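Residue-level structural notes
In case you want the letters, here they are:
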Amino acid sequence: MDRRQLLRAVAGAAAGFSPLLALADDDRKTRRKSGSSTPQALPAPTSPKARVIVLGGGMGGTTLAKYLRMWGDAVDVTLVDRNPSYTSCIMSSLVLTGQRSMSSLAFGYDNLRTRYGVRTVFGEVVAIDPVACRVTLQGGTVLQGDRLVLAPGIAFDEVPGLTQPDAMPHAWKAGPQTSLLARQLAAMPTNGVAVLTIPAVPYRCPPGPYERACLIADWLRLRKPQARLIVLDANPDFVTEKDNFSRAFFDLHGRVIEYRTNVIIDSVDPTSRTLFTNGGAVRGDVVNLIPRQRAPQLLADAGLLNATGGRFAAVDVLSYASTAAPSTHVIGDASATTQPKAGHIANQEAKVCADALARLFAGGSPDPAPVTNSACYSTITMSKASWLHALYQYDAASASMKPVAAGSGASVGWNGNHFEDMGTWFTALMADTFA
Amino acid sequence: MFVFRLPRSARACAAAAACALLATAAPAQTVPAGRLLASNCFQCHGTNGKGPGFDRLAGKSASDIYHELIEFRDGKQGPGIMARHALGYSDAQLREIAAYFATQR
C-alpha cells in the first residue's frame, strides 16, 4: 500500500468504509510504495457490503483474499502479513541439495492488489479481538472488520537448551534457516553425521520430513559417500506413505539412513550439537531439529486454541468459523480438522471459507456439502518422486471432513515422470494462490 | 368488482422489477452451480481451469470432461493421481464439475 492509497484508506475510515481505524505516525513514515502501476482489474469496492481482515499471507490467507474478492459481492479485503513477500515451504527442501534457489520460492502480493483489489498491510500483529473482529498492529494501527480470517500457520514449541536456534535449524518455515541448513550440510565433513528430527503429529506437511530425509540421503550418497543421516522420529512409525518411505529408507537409502522411532527429545546442547533423548545422547555435525508445533501464541491469547490439547483451533468446517468466536474463521495449519496441515489443502480450505463468507454476506448459508482435496509429490531421490492424494467429503453425522477411502492413496513407487509433474503442480498451485 | 389493469408496458416493467428484486433477495441462487466443487481442480489446472498447470479445462464440453473423468475413475488411464482423485467423487459430483468448466471461457 503506498502513501496515497493509505490516505484514501484513512479517508474511507472516517466514512466508515475502511478497516483502518487508526494509523500510528511511525507506520505512515515507513510505508513503502507498492511499485506497481498496473490498472486494477477488480478494484476494491468504494461502498463495501462487508469488510474482512485476513491475517497471514501464506497458502491459505492469500487464496482466501483472492477468492473472496472474486466470489464475494463488494467485499473489502485487507491482507496483513509481517513480510511483503512469501517464501514457499513447498519445494524448499530442494534448496538443501542446490536444486532450487530461494528466489524461485519467493511470491509477492502485487497480483492480489492490482488484479483483485485486495488491500495489503505489512506489519506485526500484537493483538486479536476475535469477537469484535479487531486487530492491533505494532505501532498502534487498529484494523476493524466484520469478520476476521486467521491463516497464521504454525509456531514451534520451545526446545529446552536451544539457546542458539541457528545451531540446530528447523528450516520448517522456508526462509533464512533454509539457506543456513543448506550451507551447514555443504560444509559438513565427508564422513560426517547429519541428524533430522520428526515431531509428534500433528505437524505441518506429514510427508515433508520423510521426503527431506530421502533427498538429503540421495545428495549425501553423491557428495559425501561416507556420511550418514540419522532420522529421529517422535512417532511410532512412518506417519504417512509408509510403503514408499519404508522402501526408500530401508532399501534405496539403507546405507545412509538410520531410522529410529518413538524418540523423545528432552533437551539439547547447541554448542556440541547434541540431542538428549529417551534413547540416549545423539550428536550430529549438522542437526535439522524440527520441533513440535502449535498455532501461534496470538491465537492462544485470543482464546481460540480450544482443540488438540490447546495447540490448534476448533472450527466448523462448513465455514471454518471458530467454535470459540464464530465471527472469526481459522484456516490452514492453525485449525484443528481431520485434514492434513499442508499448502495444497489450505488453498482448498480457503476456497470453502471464501465461498461460505460470500454466501453469508449475501444473506445465505454455507454450502452444506463441501469437498476438499490434498495432493502432493514427495522427492524420493534428487530426480524421482512419488505422489500422495486424499479427498475429503463433508460428513454431517460427525460434522467433519471425512477422507474417502477410494480417493485416497499414494503412487506405487516413484519415478522421473512424477518428479516432472511435481514442477507442473507447483507452478499451478502457486498461480492459483498468488496470481 | 374493481379490476386493476396495468398497461402492457407497465406490466413488463413491474415484472422486470420483480425479477431484479428476486435476484437480490435470493443471493444463494446467484452462486454458479458447481463452482466450489470444481475449485478442487484449480490447484492443478489453474483458476477456473484456465491454467497454468496440467490440461486446460475451461471451455471443454461437459460431456468430454465427464467422460475423461469416468475413464480416470475406471482406471482406463492407469493408476495415476487423477484416478485417485476421480474416485473420491460421486457420479453426480463429476457431472457438476464437468458442467461448471463447460461454462468457463
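What this report covers is the structure whose coordinates are included nearby.

Reading the values: rules and limits
- Residues numbered from 1 in each chain as written.
- Chains lettered and ligands numbered in written order.
- Predicted model: local features only at pLDDT ≥ 70, side-chain atom pairs only at ≥ 80, totals over all residues.
- Heavy atoms only, no water.
- Helix = DSSP H or I, 4+ residues; strand = E, 2+ residues; numbered from the N terminus.
- Rg over C-alpha atoms; globule rule 2.2 N^0.38 Å.
- Buried < 20%, exposed > 50% of the residue type's maximum accessible area, 1.4 Å probe, protein only.
- Contact = heavy atoms within 4.5 Å.
- Areas by Shrake-Rupley, 256 points an atom, 1.4 Å probe, with all protein chains shown as cover.
- Lys, Arg positive; Asp, Glu negative; His and termini not counted.
- Charge placed at Lys NZ, Arg CZ, Asp CG, Glu CD.
- Buried area = accessible area lost by both parts, 1.4 Å probe.
- Salt bridge = Lys/Arg side-chain N within 4 Å of Asp/Glu carboxyl O.
- Polar contact = N/O pair within 3.5 Å; in protein donor to acceptor, adjacent residues only side chain to side chain.
- Axes fitted to C-alpha atoms, helices over the stretch in contact; angles between N-to-C directions.
- Parallel < 35°, antiparallel > 145°, perpendicular 65-115°, else oblique.
- Left-handed = near helix turned anticlockwise from the far one by under 90°.
- Nonpolar A, V, L, I, M, F, W, Y, C, P; charged D, E, K, R; others polar.
- Expected span 1.5 Å × (residues − 1).

**Some thoughts on the overall build of chain A**
Helices and strands together make up the secondary structure of chain A, namely eleven helices and 27 strands. A compact globule built from 435 residues would reach a C-alpha radius of gyration of about 22 Å, and chain A, at 22 Å, matches this within 12%. Dimensions of chain A, computed from C-alpha atoms along their principal axes, come out at roughly 70 × 50 × 40 Å. Taking all 435 residues of chain A together, the buried fraction comes to 59%. Put simply, 68% of the contacts in chain A that link residues at least 6 apart link residues at least 24 apart. Of the roughly 16,500 Å² that chain A leaves accessible, carbon and sulfur atoms contribute 51%. Across chain A, 41 positive and 35 negative side-chain charges occur, with their mean positions spaced 5 Å apart.

**Brief notes about the interface of chain B and chain A**
Chain B puts 25 residues into the contact, and the matching count from chain A is 39 residues. Both sides of the chain B and chain A interface together cover about 2,600 Å² of buried area, and 62% of this is carbon and sulfur. In this structure, the connection of chain B to chain A is made through one salt bridge. Run the count over chain B and chain A and you get 18 residue pairs in polar contact (both at pLDDT 80 or more). Only α2 (35–38), α3 (42–45) and α5 (81–87) of chain B provide two or more residues apiece to the side of chain B that touches chain A.

**Re the packing of helix α4 (residues 62–73) of chain B against helix α6 (residues 91–102) of chain B**
Residue and element names in this part refer to chain B. Here α4 crosses α6 at 140°, and the two axes come no closer than 8 Å. When the interaxial angle is binned, α4 and α6 end up oblique. When the axes of α4 and α6 are compared, the crossing they make is right-handed. Residue-level contacts link A62, I65, Y66, L69, I70 and R73 of α4 to D91, L94, R95, I97, A98, A99, F101 and A102 of α6. Looking at the contact of α4 with α6 residue by residue, the class counts come to eleven nonpolar, no polar and three charged.

**A look at unusual backbone geometry**
Residues A:V201 and A:P202 are joined by a peptide bond in cis, for which omega reads -5°. As for its position among the elements, A:P202 is in the loop between β12 (193–198) and α7 (208–223). Along the chain, B:G51 connects to B:P52 via a cis peptide bond; the corresponding omega equals 0°. With respect to the element layout, B:P52 can be found in the loop between α3 and α4. The backbone of A:C205 sits at a positive phi, close to 60°, despite the residue not being glycine.

**Points about helix α11 (residues 416–434) of chain A**
Its 19 residues place the ends of α11(A) 27 Å apart at the C-alpha level, agreeing with the 27 Å of an ideal helix rising 1.5 Å per residue. The N-cap residue of α11(A) is A:N415: its side-chain oxygen and the backbone nitrogen of A:N417 are 3.0 Å apart.

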